[in-house]
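Structural overview
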Amino acid sequence: HQIEADGILMNMVVERMLLTRDSLAEARTMFGEVIEIYENMIPRTSQFGRAKMQQKSIFEYAPGSKGANAYLSFCKEYLQKGGVILECMQSTIAG
């Protein structure tokens, strides 16, 4: 069986950390010519853990947070590049 992927979305990103920059550079070196590496990245933020503890999505728990906005930006990028979003997410992205 083969796995197909539309691209690589970097997550748990702390932009000021050298490890993040190194990981991104290595991903681009290893996969950049083979698969899309999305420009938008998902930051590491405590809001995700809090949302999980409340059994809510980041959009329900903290809709205006840095993490929620990052996912929305990624979704818009993904759609612009021809991706398809699940129907249940369409209203969140449009909002």
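Here's a quick rundown of the structure. All values derive from a computational prediction rather than experimental measurement.

1. Here we look at the overall build of the protein chain
- Across its full length, the protein chain carries five helices and two strands.
- Shown N-terminal to C-terminal, the secondary structure of the protein chain runs as helices and strands in the order β-α-β-α-α-α-α.
- Among the 95 residues that make up the protein chain, the fraction classed as buried is 28%.
- Sequence-distant contacts in the protein chain: of pairs separated by 6 or more residues, those separated by 24 or more amount to 49%.
- Working note: accessible area of the protein chain is about 7300 Å², and carbon and sulfur atoms make up 51% of it.

2. What to know about unusual backbone geometry
- Unlike most non-glycine residues, Met-12 shows phi in positive territory, near 60°.
- Within the secondary structure, Met-12 is located in the loop between strand 1 (7-8) and helix 1 (18-31).
- Among the residues examined, Met-12 registers a relative accessible area of 53% and is labelled exposed.
- Non-glycine residue Gln-55 carries a positive phi angle of around 55°.

About the criteria used
- Residues numbered from 1 in each chain as written.
- Predicted model: local features only at pLDDT ≥ 70, side-chain atom pairs only at ≥ 80, totals over all residues.
- Heavy atoms only, no water.
- Helix = DSSP H or I, 4+ residues; strand = E, 2+ residues; numbered from the N terminus.
- Buried < 20%, exposed > 50% of the residue type's maximum accessible area, 1.4 Å probe, protein only.
- Contact = heavy atoms within 4.5 Å.
- Areas by Shrake-Rupley, 256 points an atom, 1.4 Å probe, with all protein chains shown as cover.

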